[in-house]
Amino acid sequence: MAMQFSSVKIEKPNDINFILGQSHFIKTVEDIHEALVQTVPGIKFGLAFCESSGAMLIRWTGTDEAMIDLAKRNAQALGAGHSFILFLGAGFFPVSVLNNIKMVAEVCRIFCATANPTEVVIAQTDQGRGILGVVDADVAWRKNLLRQIGYKL
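A. Region of the structure containing the sheet that holds strand β1 (residues 4-9). Taken in spatial order, the three strands of this open sheet run β1-β7-β8, and their pairing is antiparallel. Either end of the sheet is taken by a strand with one partner, and the two such strands are β1 and β8 (128-136). Put simply, the sheet's adjacent strands are angled 25° from each other on average, direction ignored. Here β1 runs beside strand β7 (residues 118-125); their pairing, made up of six bridges, is antiparallel. Across the sheet, residue Phe5 finds its bridge partner in β7, namely Ala123. This element, helix α2 (residues 65-78), spans β1, β7 and β8 of the sheet and lies at about 165° to β1.

Next comes the structure, spelled out in structure tokens:
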């Protein structure tokens, strides 16, 4: 099979933040869960991880059923081995947890942490699917906002 490219739109409510990343081990779900609840007591989240070998299951966890459902549905749509997607409940933001997630030993990279409309670029080969990157919407709006609040004039 020749390499094929596609994009997957992340489906979520407009005000919900998510973090998309890559990891290398099946215990990612447990370790990220621990990092989140130890960092922000009472955090509401849903997390799903796509295995890359064996049964290629989607492992999931969380503290909020709606966020868990979002994570599972989007992980299924992505279908990219070693990827994880974390949805944060309303009122919780990536800036509060991102550094602790990056410190989880098996986390290899973060593709994005945003509430913006996002599409994920996927490559598919004979070995499976992988994330190449993301397309985040409305760069002009974001730059204008940063100037309005006095950041990066």
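B. Region of interest: the packing of aromatic side chains. Counted by the stated rule, this structure contains one aromatic pair. Looking at Lys72, its charged tip hangs above the ring of Trp60, at a distance of 4.2 Å from the centre.

C. Representation of a nonpolar patch on the surface within the structure. On the surface, Trp141, Leu145, Ile149 and Tyr151 cluster together into a nonpolar patch covering about 440 Å² of accessible area. As for its placement among the helices and strands, Leu145 is situated in helix α4 (residues 139-148). Taking relative accessible area as the criterion, Leu145 reaches 32% and is therefore assigned partly exposed.

D. Quick look at the nonpolar core. If you look at the biggest cluster of nonpolar residues, it comprises 20 residues, and the most contacted ones within it are Leu20, Leu78, Ile85 and Phe87. When contributions to this core are tallied by element, the ones reaching two or more residues are β2 (17-23), β3 (45-50), α2, β5 (83-88), β6 (107-114) and β7. Broken down by element, the residue count for this core peaks at five residues, all from α2. Ranked by size, the runner-up nonpolar core spans 18 residues in total, among them Leu36, Val40, Phe84 and Ile101.

Parameters at a glance
Each chain carries its own residue numbering, running from 1 in the written order of its sequence. Owing to the predicted nature of the model, reporting of local features is limited to residues with pLDDT of at least 70; listing and counting of side-chain atom pairs is limited to 80 or more, with chain, interface and lining totals taken over all residues. Hydrogen atoms and water are omitted, and side-chain values are computed over all heavy atoms in the structure. Should DSSP find at least two bridges between two strands, the strands are taken to pair. Every helix listed is a DSSP run of H or I at least four residues long, and every strand listed is a run of E at least two residues long, numbered separately from the N terminus. Convention adopted: a line fitted to C-alpha atoms gives each axis, helices being fitted over their contacting stretch, and angles between N-to-C directions are expressed from 0 to 180 degrees. Should any heavy atoms of two residues lie within 4.5 Å, those residues are counted as being in contact. The aromatic pairing rule takes the rings of Phe, Tyr and Trp, using the six-membered ring of Trp, and pairs them if the centres are within 6.5 Å, calling planes under 30 degrees apart stacked, those over 60 edge-to-face and the rest tilted. Look at NZ for Lys and CZ for Arg. If either is within 6 Å of the ring centre and within 35 degrees of the ring normal, a charge sits over the ring. Only residues above 30% relative accessible area that lack a salt bridge enter a patch, with like-charged residues linked at up to 9 Å and the nonpolar side chains Val, Leu, Ile, Met, Phe, Trp and Tyr linked at up to 5 Å. With residues, only the protein chains shown are counted as cover, and all accessible areas are computed by Shrake-Rupley using a 1.4 Å probe. Salt bridge criterion: a side-chain nitrogen from Lys or Arg within 4 Å of a carboxyl oxygen from Asp or Glu. The buried label goes to any residue with under 20% of its type's maximum accessible area, the exposed label to any with over 50%, and the partly exposed label to all in between, with areas taken from a 1.4 Å probe on protein chains only. Put simply, a nonpolar core is a bunch of buried Ala, Val, Leu, Ile, Met, Phe, Trp, Tyr and Cys residues held in one set by side-chain atoms that sit within 4.5 Å of each other.

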